[in-house]
Amino acid sequence: MPRIIADLGTCEGLGMCEAMASDYFEVREDDDGVEMVHVLSEDVPEPDRAHVHAATQACPVLALSLVD
């Protein structure tokens, strides 16, 4: 099953992923008040693969990937 990997050191909390796939991504403040992505579900069922892949590719800072 494909899995979402988020590089939190790279994430800038821009929210493109959440706008495209809010079932999988949420941008919210961490404990330091910095907005960043939170992956709601790391495992992606095959029927959602293309949709989630498009959301990871939309990240302007390339902080997300979908791996097998």
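None of these values were measured; they are calculated from a predicted model.

Let's shift gears to the pattern of salt bridges. For the coordinates displayed, the defined rule picks out four salt bridges. One salt bridge in this structure joins glutamate 42 and arginine 3, with 2.2 Å as the shortest N-O distance. Pair noted here: glutamate 42 is in the loop between β3 (35–39) and α2 (49–57) and arginine 3 is in strand β1 (residues 3–6), with a separation of 39 residues, a long-range link. By relative accessible area, which is 37% here, glutamate 42 ends up partly exposed. In this structure, the salt-bridge partner of aspartate 68 is arginine 49, at a minimum N-O distance of 2.7 Å. Taken together, the residues aspartate 68 in the segment after β4 (64–67) and arginine 49 in helix α2 connect sequence positions 19 residues apart. On the accessibility criterion, arginine 49 (28% relative accessible area) is partly exposed. Salt bridges sharing partners connect three or more residues here, namely Glu46, Arg49 and Asp68.

Direction of pairing for strand β2 (residues 25–29) relative to β3: antiparallel, over a ladder of five bridges. Note on β3: the bridge partner recorded for valine 27 is valine 37. In this structure, the hairpin formed by β2 and β3 is closed by a connection of five residues, where glycine 33 is found at a positive phi of approximately 80°.

This part covers the environment of valine 67. Here valine 67 shows up in strand β4. For the pair valine 67 and isoleucine 4, spaced 63 residues apart in sequence, the C-alpha to C-alpha distance is 6.5 Å. Residues contacting valine 67, with those up to four places away along its chain left out, are Met1, Pro2, Arg3 and Ile5.

Here we come to the state of the cysteines. One pass over the full model with this rule turns up zero disulfides. With no disulfide of its own, cysteine 11 lies 6.4 Å from the sulfur of cysteine 59, the closest cysteine sulfur. Overall, cysteine 11 belongs to the buried group, its relative accessible area being 15%. Given a relative accessible area of 12%, cysteine 59 falls into the buried group.

Calculation notes
- Residues numbered from 1 in each chain as written.
- Predicted model: local features only at pLDDT ≥ 70, side-chain atom pairs only at ≥ 80, totals over all residues.
- Heavy atoms only, no water.
- Salt bridge = Lys/Arg side-chain N within 4 Å of Asp/Glu carboxyl O.
- Helix = DSSP H or I, 4+ residues; strand = E, 2+ residues; numbered from the N terminus.
- Buried < 20%, exposed > 50% of the residue type's maximum accessible area, 1.4 Å probe, protein only.
- Pairing = 2+ DSSP bridges.
- Contact = heavy atoms within 4.5 Å.
- Disulfide = S-S within 2.5 Å.

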